[in-house]
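Read off the chains here:
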Amino acid sequence: MADMKRRTFLVGAAAGFVIASSSPVGSKSNKLRDAHQFQNIHPRELIRRRHFPNVPMITHEGRRVLFYDDLIKDKKVILNFMFATCEKACPLVTANLVKVQKMLHDRIGHDIFMYSITLAPEVDTPKKLREYAAMHGVQRGWQFLTGKPADIELLRRSLGFTQRNPVRDADKTNHIGVIRFGTEASMRWAACPGLAPPDWVATSILSEMDSPLKGGFKTT
């Protein structure tokens with residue numbers, strides 16, 4: 001009886017092995033094929049999927065846009081986060097970036113675009129952002145953006161404006177001191193402190209966007 005039970009178990013195990021080896025082979029093959037297809041995706045597309053969610057947004061001028069399709073794709077851009085009621089770093093960084101915008105006056109709005117994304121979309125309406133931009137003397141080519149809170153949070157994390165410490169990460173003021181800039185089409189991206197000397201910020205931006213051999217800016 002024990003021997004019969006043993007033989008029955010072995011037969012059942014063997015049958016299970018045959019079934020298991022006949023069906024997963026196809027699925028394993030599919031997984032390998034899927035992995036191969038994944039590897040064939042262009043790096044630019046992988047970066048887009050990971051870092052540039054195509055969420056809907058509204059500019060401070062009231063224009064509805066898609067983050068990737070309308071603002072990032074094929075463009076040279078400067079990005080930072082802020083919120084209009086901030087009394088610490090936001091106004092200082094904004095004032096510093098106004099100086100940078102003046103230094104790059106012949107580029108901003110033409111082949112380089114500046115975007116500031118609010119961290120308080122619940123209260124920062126396009127009207128409030130428009131007033132904030134006017135108060136700081138922001139010129140054309142620099143857009144202030146708002147949207148749904150969940151979309152803003154997705155952007156913040158996707159763009160890497162995060163803190164490893166969850167307590168610090170929950171504090172909005174910890175995400176406004178850095179700016180990111182780059183050229184989407186060539187997948188070149190860098191960052192620098194938003195409160196660095198404006199000529200240093202401008203040179204860093206152009207050195208990244210125009211290649212190290214073509215950096216510099218006009219002061220007139």
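Rules of the game
- In this numbering scheme, every chain counts its residues from 1 along its sequence in written order.
- Only residues with pLDDT of at least 70 get local features here, since the model is predicted, and only at 80 or more are side-chain atom pairs given and counted; chain-wide, interface and lining totals rely on the full set of residues.
- Note that water and hydrogens are dropped before the side-chain values are worked out from all heavy atoms of the structure.
- Strands are runs of DSSP state E lasting at least two residues, helices are runs of H or I lasting at least four, and both sets are numbered from the N terminus onward.
- Any two residues whose heavy atoms approach within 4.5 Å at even a single point are treated as in contact.
- Centre distance within 6.5 Å is the pairing criterion for rings of Phe, Tyr and Trp, where only the six-membered ring of Trp is used; planes under 30 degrees apart are then read as stacked, over 60 as edge-to-face, and the remainder as tilted.
- The buried label goes to any residue with under 20% of its type's maximum accessible area, the exposed label to any with over 50%, and the partly exposed label to all in between, with areas taken from a 1.4 Å probe on protein chains only.
- Comment: the charge-over-ring label is applied if NZ (Lys) or CZ (Arg) is within 6 Å of the ring centre and within 35 degrees of the ring normal.
- A pairing counts as a salt bridge when a side-chain nitrogen of Lys or Arg comes within 4 Å of a carboxyl oxygen of Asp or Glu.

(A) Quick look at the environment of R168. Here R168 shows up in helix 8 (residues 166–169). Dropping the residues within four chain positions of it, R168 is found in contact with Q163, N174 and H175.

(B) Region of the structure containing the packing of aromatic side chains. Enumeration over the complete set of coordinates arrives at 5 aromatic pairs. Considering the side-chain rings of F81 and F161, the 4.8 Å spacing of their centres and the 65° angle between planes classify their relative orientation as edge-to-face. Taken together, the positions of F81 in strand 3 (residues 76–82) and F161 in the loop between helix 7 (149–158) and helix 8 put the pair 80 residues apart, joining distant regions of the chain. No difference in accessibility class separates F81 from F161, as the two residues are buried. Site record: aromatic cluster; members linked through ring pairs are F52, Y68 and W189. Just above the ring of F113 sits the side chain of K75; from NZ or CZ to the centre is 5.8 Å.

(C) Molecular detail of the pattern of salt bridges. Tallying each qualifying case throughout the model produces 13 salt bridges. Between E153 and R156 there is a salt bridge, with the nearest N and O atoms lying 2.8 Å from each other. One end of the pair, E153, and the other, R156, are both in helix 7, 3 residues apart, so they sit about a helical turn from each other. Residue E153 is classed as partly exposed on the basis of its relative accessible area, which comes to 31%. The class of R156 is buried, set by a relative accessible area of 4%.

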